[in-house]
Structures are given as C-alpha cells and as structure tokens.
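# Geometric and topological summary
Chain by chain, the residues:
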Amino acid sequence: MTIGPLHGPIITATELVPLLRERGVDLSASQVHRLVSGTPERLSLQVMSALCDILTCTPADLVATTAENAGVRKTATGDLPTAPAGVDKLRPRPARILPDT
C-alpha cells in the first residue's frame, strides 16, 4: 500500500493536523508527517475517512495497490510440493447429538 501525494490547497503536514483534529483524529505533527511522507504499514479507517473528507477524494485516490500472482512454492529439491498421502480421503465425522441425561 502506498499513500499517494496530497492534492489541493494543503502545503504542509502541519496544516493537516488541525483539519484532522476537527474530524476527531488526534495525531501529532510528526505522526502526520510520517503518514504523508512515507508508506504506512497500517492506517485506520477513521484516518482514511478524514483524509478523504479533507482532500475531497476517494481511498482509491490515496492508496495505490498492485496484485501479483503468488506462484507455486518450490521445495529444496526443486520438486513441486505434494499433499500427504491419503489426505483426499479424509472426511470429518458426523456429530452425534445425545439427549441430556
């Protein structure tokens, strides 16, 4: 996830602090700077909603996502991993409901 560049009349992260506070998000100037200048590992929906409201944009405008195929994991010998023998024959046992005694 990557937070894209901010658009609009906001010039500094410090100016963003009171606008977030008006929307119930209390972050320090340094926290806001880290939020807008880097790639946050986590972002609450409350912060995302406040940013979208302030910037009049959608989450898709702020977050760039990419999808990649995971591929097949190889084993140390280079062979493709196989399921243990007999796994396809395993079935859960039906539950038996007994009367209260």
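From a predicted model like this one, the values you see are computed outputs, not experimental measurements.

Before going further, it helps to spend a moment on the packing of helix α1 (residues 13-22) against helix α3 (residues 45-55). Two numbers describe how α1 lies on α3: the axes approach to 10 Å, and their chain directions differ by 110 degrees. Of the possible angle classes, the one that applies to α1 and α3 is roughly perpendicular. The crossing of α1 and α3 is right-handed. Residues L16, L19 and L20 of α1 form the contact with α3, whose own contacting residues are A50, L51 and I54. Here the contact of α1 with α3 is built from residues that sort into six nonpolar, no polar and no charged.

Moving on, we come to the nonpolar core. Nonpolar side chains in soluble globular proteins generally cluster together in the buried interior. Ranked by internal contacts, the top residues of the largest apolar core, which has 18 residues, are L20, L27, V32, L51 and L62. Elements with a contribution of two residues or more to this core: α1, α2 (29-37) and α3. If near-sequence neighbours (up to four positions away) are discounted, L51 is found in contact with L16, L20, L35, C57 and L62.

A word on the layout of surface pockets. Counted as a void, the largest pocket has a volume near 160 Å³. For the largest pocket, the full set of lining residues is L27, Q31, R34, L35, P40, R42, L43, S44 and V47. Considering each element in turn, the lining of the largest pocket owes the most residues, three residues, to α2. Taken together, the residues of the lining of the largest pocket break down into five nonpolar, two polar and two charged.

What counts and how
Residues numbered from 1 in each chain as written. Predicted model: local features only at pLDDT ≥ 70, side-chain atom pairs only at ≥ 80, totals over all residues. Heavy atoms only, no water. Axes fitted to C-alpha atoms, helices over the stretch in contact; angles between N-to-C directions. Helix = DSSP H or I, 4+ residues; strand = E, 2+ residues; numbered from the N terminus. Parallel < 35°, antiparallel > 145°, perpendicular 65-115°, else oblique. Left-handed = near helix turned anticlockwise from the far one by under 90°. Contact = heavy atoms within 4.5 Å. Nonpolar A, V, L, I, M, F, W, Y, C, P; charged D, E, K, R; others polar. Core = buried A, V, L, I, M, F, W, Y, C linked by side-chain atoms within 4.5 Å. Buried < 20%, exposed > 50% of the residue type's maximum accessible area, 1.4 Å probe, protein only. 1 Å grid on protein atoms, 1.4 Å probe; cavity = no way out; pocket = protein on both sides within 12 Å on 5 of 7 lines; lining within 4 Å. Points joined across faces, edges and corners; volume = space filled by probe spheres on them.

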